[in-house]
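Summary of the model geometry
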Amino acid sequence: MMIRNLFIGAGALALSACTVGPAYVSPTPAAPSQAPFLETGKSPAFTGDQPPGEWWSLFADPTLDGLVEQALTANTDLRVAAANLAQARAVLRESRAGRLPTTSVGASGTYARQRNPLGPGTVEGESYDVGLDVGYQVDLFGRVGSAIRASRADAEAVQAAFDLTRITVAAETTRAYADVCSFNRQIAVAEETLRIQERTFDLTRRLFEGGRATRLETGQAGALLEQTRATIPTLTAQRSAALYRLAVLTGKPPAEAPAAAVLACQAPPELDRPIPVGDGASLLARRPDIRRAERELAAASARVNVATADLYPSISLGGSIGSTADSISGLGKSDGFRFSLGPLISWNFPNMEVARSRLKQAEAGADAALASFDGNWLSALEETESALAAYAGELDRLAALRRAANEAGEAARIARLRYEAGRENFQVVLDAERSLAQIQASIAQSEQQRATYLVSLFLALGGGWQAAA
């Protein structure tokens, strides 16, 4: 009857357990960032539709799709993030085990001489004992539950960090591929400019040989030609660096860079449609760094509850069953049977100041986590608005450069014809071709910058990733 009443009492304590400390409320719904982005109303390049998860598929480039797939499978940073996630989940399992009873099995055998407690003299002999001990902590004040919530939030924060690594790897792979394509384009522009300037140089040399041009003119044409030729080795080296970066991102050494397929692209990827960007509310849900900051805040708040619970008594139920005898053969006999069952209450009353100090530490940590969360969503809005503005601005710049190239190309053509007919001096031709070369190089660089801004925009939008299972 006593044992039955004790278990009934333990069940009542467990059912009546409560969590001490503040209840956690996520600040995400209250964050003042739910409206459409400011920049979406300024440019037709954007729509309010939600961006897709695999945003790089919008480019419809099978080579890029394959590279990103390889990176998401073999990238070393992702392997580290996956290991960290597995570790966090193991810590969560350990915390959950706090709800389970602890058990221990023990056996002992001694031979001793000691004072006879029943009379004079001493007694000497053997003693054997074997038994099973069971202990269970009653989570009356929610300490174990709060620790579990903290570990769960930690694991979810690491999951968000893993998602952030995924979108970063996808973005950097896309960026490296776009850089290779951009340098291919810039090299092609430089080679085409070189061919035009070679024709001009040949023209001035023929005119010089015929007495219609000066050595100064041929020297100026040759200098401009070699200046253009000098840009090609630098562009080639930059393309190689981008290839090596792409190899490492996909988990390969530089010697195994995917040169054959990647070198076939002659222009950086671009979109022929408005970009879906969503709004501020969806941004909070998409951005892994915001999810991580919110989960870190939840973990810090749960640890405040853990520290608060330490101010209250700790209650455990313990039980033991076993057998004691003065010989091994006597173990298991009814007269050696023993058992015990009862609660254990402990309270760190002499160290309350230590417990209160830990509570203050936990509260300060929660305040810091809240400030970090606020900083994260503010930075997310800033990054997104800035990325939208940069991309839209580069589109306008590129359009203006292309119009300028049309005018400069026509001016260079007319200048060459007039010079060849002896109706214009060579300085006009030189200036026209130099201007055309600079504008064409600027167009190729602007195309690369546009691709870079586009990748940065999708990265700022969170890439559309949701927490993976």
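A quick note: this is a predicted structure, and the numbers were derived from the prediction, not measured.

**A short note on the overall build of the chain**
For the chain, the count of helices and strands is 10 helices and six strands. Across the 469 residues in the chain, those meeting the buried criterion constitute 42%. For the chain, the computed accessible surface area is about 24,600 Å², with 57% contributed by carbon and sulfur atoms.

**With respect to the packing of helix α9 (residues 352–420) against helix α10 (residues 426–460)**
α10 packs onto α9 with a crossing angle of 160° between their chain directions and a minimal axis gap of 7 Å. Classified by the angle their axes make, α9 and α10 are roughly antiparallel. Crossing of α9 over α10 shows left-handed handedness. Within the contact of α9 with α10, the residues separate by chemical class into 25 nonpolar, six polar and eight charged.

**A short note on the confidence of the model for the chain**
Here the chain averages 82 in pLDDT, while 86% of its residues score no lower than 70. Here helix α1 (residues 2–15) is the element of the chain with the lowest mean pLDDT, 45, and helix α2 (residues 62–74) is the one with the highest, 93. Confidence drops under pLDDT 50 across residues 1–16; counting only partners more than four residues distant or on other chains, this segment forms 12 contacts.

**Focus on the state of the cysteines**
For the structure shown, the criterion picks out one disulfide. Through a disulfide, C181 is tied to C265; the S-S separation comes to 2.0 Å. One disulfide, between C181 and C265, carries an S-S torsion of -105° and so falls in the left-handed class. Placement of the pair is C181 in helix α4 (residues 143–209) and C265 in the loop between α6 (259–262) and β4 (275–276), with a sequence separation of 84 residues. Assigned by exposure class, C181 and C265 land together as buried.

**Brief notes about the side chain of S43**
Turning to its location among the elements, S43 is positioned in the loop between α1 and β1 (46–47). A polar atom in the side chain of S43 sits 3.1 Å from the backbone nitrogen of A45.

**Thoughts on the environment of N425**
Mapped onto the secondary structure, N425 falls in the loop between α9 and α10. Its relative accessible area of 44% is what places N425 among the partly exposed residues. For the pair N425 and E217, spaced 208 residues apart in the sequence, the C-alpha separation amounts to 9.3 Å. One polar contact links the side chain of N425 to the main-chain amide nitrogen of V428, over a distance of 3.2 Å.

**Thoughts on the nonpolar core**
F46, W56, I275 and F458 are the most contacted members of the largest nonpolar core, which has 52 residues in total. Residue assignment for this core shows that the elements contributing at least two residues are α2, α3 (76–96), α4, α5 (215–249), α7 (280–286), α8 (288–309), α9 and α10. Sequence-distant contacts of F46, that is, excluding residues within four places in its chain, are made with E39, T40, P274, I275, V277, L388, Y391, A392 and L457.

**Topic: the pattern of salt bridges**
Inspection of every chain in the model, using the stated rule, returns 23 salt bridges. A salt bridge links E383 to R287; the nearest nitrogen and oxygen atoms lie 3.0 Å apart. Taken together, the residues E383 in helix α9 and R287 in the loop between α7 and α8 connect sequence positions 96 residues apart. Here E383 falls in the partly exposed class, since its relative accessible area comes to 40%. The class of R287 is buried, set by a relative accessible area of 3%. For the salt bridge of R397 with E394, the shortest nitrogen-to-oxygen distance reads 2.8 Å. One end of the pair, R397, and the other, E394, are both in helix α9, three residues apart, so they sit about a helical turn from each other. Linked through salt bridges whose partners overlap, the residues forming this network are E156, E294 and R295.

What counts and what doesn't
Residues numbered from 1 in each chain as written. Predicted model: local features only at pLDDT ≥ 70, side-chain atom pairs only at ≥ 80, totals over all residues. Heavy atoms only, no water. Helix = DSSP H or I, 4+ residues; strand = E, 2+ residues; numbered from the N terminus. Buried < 20%, exposed > 50% of the residue type's maximum accessible area, 1.4 Å probe, protein only. Areas by Shrake-Rupley, 256 points an atom, 1.4 Å probe, with all protein chains shown as cover. Axes fitted to C-alpha atoms, helices over the stretch in contact; angles between N-to-C directions. Parallel < 35°, antiparallel > 145°, perpendicular 65-115°, else oblique. Left-handed = near helix turned anticlockwise from the far one by under 90°. Nonpolar A, V, L, I, M, F, W, Y, C, P; charged D, E, K, R; others polar. pLDDT = per-residue confidence, 0-100. Contact = heavy atoms within 4.5 Å. Disulfide = S-S within 2.5 Å. Polar contact = N/O pair within 3.5 Å; in protein donor to acceptor, adjacent residues only side chain to side chain. Core = buried A, V, L, I, M, F, W, Y, C linked by side-chain atoms within 4.5 Å. Salt bridge = Lys/Arg side-chain N within 4 Å of Asp/Glu carboxyl O.

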